[in-house]
Amino acid sequence: MENNKLFNAGKGAVFTHSGRHEMDASLMDGSNLMAGAVAGVAAVKNPVLLARLIMEKTDHVFLSGAGAEELASKYSLPFESPDYFFDEFRHQQWLAAKDSGASFLDHTQDKKFGTVGAVALDQKGNIAAATSTGGMTNKMYNRIGDTPIIGAGTYASNATCGVSCTGHGEYFIRSVVAYDISCLMEYKGLSLKEACKVVVMEKLVKIGGEGGLIAVDSLGNLELAFNSEGMYRASVKSGEVPFIGIYK
Ligand code: ASP
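None of the values given here were measured: they were computed from a predicted structure.

Draft legend 1. Region of the structure containing the sheet that holds strand β9 (residues 222-226). The strand order β6-β7-β8-β9 describes an open sheet built from four strands, whose pairing is antiparallel. The sheet is open, and its two borders are formed by β6 (154-156) and β9, each paired with just one other strand. Neighbouring strand axes in the sheet, compared pairwise and without regard to direction, differ in orientation by 10 degrees on average. Pairing of β6 with strand β7 (residues 161-167) involves three bridges; the strand directions are antiparallel. What sits directly across from T154, in β7, is S164.

Have a look at this one:
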């Protein structure tokens with residue numbers, strides 16, 4: 001998905017206020033609670049692969065900017081020039097937003113495009129979650145959203161669930177959304193469905209946080225929950241017909 005300009009991640013990422021691309025990504029392995037995250041990279045072709053590299057090859061969880069790109073080059077991850085990430089539609093969104101002083105949630109501008117995320121449960125019961133984004137159009141230089149913050153935009157634990165979020169990052173950070181879903185299941189015994197309802201439809205709505213998430217629990221239950229008008233989403237289970245959806 002990072003290689004497809006239809007999505008706001010990797011190629012086709014949105015523009016910052018200064019007209020650059022700054023991408024964030026993270027992933028988490030629910031079998032051992034290992035995680036990797038990267039923020040503010042401008043030239044790494046696949047930020048989610050860099051997040052994985054950080055998880056697998058360093059003692060750290062979260063790297064940003066120049067240090068993260070140095071690691072990517074040490075391990076020969078592909079780099080691209082700004083031309084590769086450029087998309088005319090994104091450029092027009094930025095031109096329209098830049099003098100307004102506001103930063104826009106990508107999906108309020110056009111429901112067809114957005115941050116990408118994936119959650120999965122395998123046959124051994126291992127859960128994983130990953131999220132990648134260009135962030136929000138016209139965001140301030142070096143602004144970091146929820147996507148690379150473990151517990152906010154991404155979380156996975158075999159004991160509970162895997163979660164990947166999309167939406168207005170500042171609200172998702174303050175609500176620690178992904179970990180809150182897991183906590184409601186672990187400490188309160190809620191089902192995944194109940195936990196998603198509480199967090200996405202009640203707690204986030206109460207503070208004005210627009211967006212949604214995809215989640216899977218250890219039994220293979222799936223939730224694709226959102227309080228926005230639409231969220232591009234899809235799911236597949238062994239032996240079942242794949243599901244895709246956009247609006248409610
Ligand atoms: N959550 C992302 C951010 O705030 C944006 C999005 O999901 O559309 O950076």
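Draft legend 2. The arrangement of the pattern of salt bridges in detail. As enumerated under the stated definition, the model contains seven salt bridges in all. Residue E56 pairs with R52 through a salt bridge whose shortest N-O separation is 2.9 Å. Highlighted residues: E56 and R52, both in helix α1 (residues 47-57), separated by four residues, approximately one helical turn. Accessibility expressed as a relative area gives 43% for R52, which makes it partly exposed. Here E170 and R143 are joined by a salt bridge, their closest N and O atoms 2.8 Å apart. Placement of E170 in helix α6 (residues 169-174) and of R143 in the loop between β5 (127-133) and β6 is noted, with a sequence separation of 27 residues between them. Owing to a relative accessible area of 30%, E170 belongs among the partly exposed residues under this scheme.

Draft legend 3. Structural detail: the pairing of strand β4 (residues 116-121). Where β4 lies against β5, six bridges are found, and the strand directions are antiparallel. In the sheet register, A118 faces β5, and the bridge partner there is A130. Linkage of β4 to β5, two consecutive antiparallel strands, is achieved through a turn of five residues, within which G125 is found at a positive phi near 90 degrees.

Draft legend 4. Structural context of the sheet that holds β4. Here we have five strands laid out as an open sheet, ordered β3-β2-β1-β5-β4, and mixed in their pairing. Pairing within the sheet leaves two strands with one partner each, and these edge strands are β3 (62-64) and β4. On average, adjacent strands in this sheet sit at an angle of 5 degrees to one another, irrespective of strand direction. Contacts between α1 and the sheet are confined to β1 (23-29), β2 (34-41), β3 and β5, with β2 contributing the most and set at about 135 degrees to the helix. The strands touched by helix α2 (residues 65-74) within the sheet are β2 and β3, with β3 carrying the most contacts at an inclination of about 105 degrees.

Draft legend 5. Spotlight on the packing of aromatic side chains. Counted by the stated rule, this structure contains four aromatic pairs. Taking 5.9 Å as the distance between ring centres and 75 degrees as the angle between the ring planes, the aromatic pair formed by F15 and F86 counts as edge-to-face. You can see F15 sitting in the segment before β1 and its partner F86 sitting in the loop between α3 (82-85) and α4 (88-98), a full 71 residues away along the chain. For F15, a relative accessible area of 4% gives the class buried. The exposure class of F86 is partly exposed, given its relative accessible area of 33%. Aromatic rings pair up to connect F15, F86 and W94 into one cluster. The ring of W94 carries K98 above its face, with NZ or CZ at 5.3 Å from the centroid.

The rules behind the values
Residues numbered from 1 in each chain as written. Predicted model: local features only at pLDDT ≥ 70, side-chain atom pairs only at ≥ 80, totals over all residues. Heavy atoms only, no water. Pairing = 2+ DSSP bridges. Helix = DSSP H or I, 4+ residues; strand = E, 2+ residues; numbered from the N terminus. Axes fitted to C-alpha atoms, helices over the stretch in contact; angles between N-to-C directions. Salt bridge = Lys/Arg side-chain N within 4 Å of Asp/Glu carboxyl O. Buried < 20%, exposed > 50% of the residue type's maximum accessible area, 1.4 Å probe, protein only. Contact = heavy atoms within 4.5 Å. Phe/Tyr/Trp six-rings, centres within 6.5 Å; stacked < 30°, edge-to-face > 60°. Lys NZ or Arg CZ within 6 Å of the ring centre and 35° of its normal.

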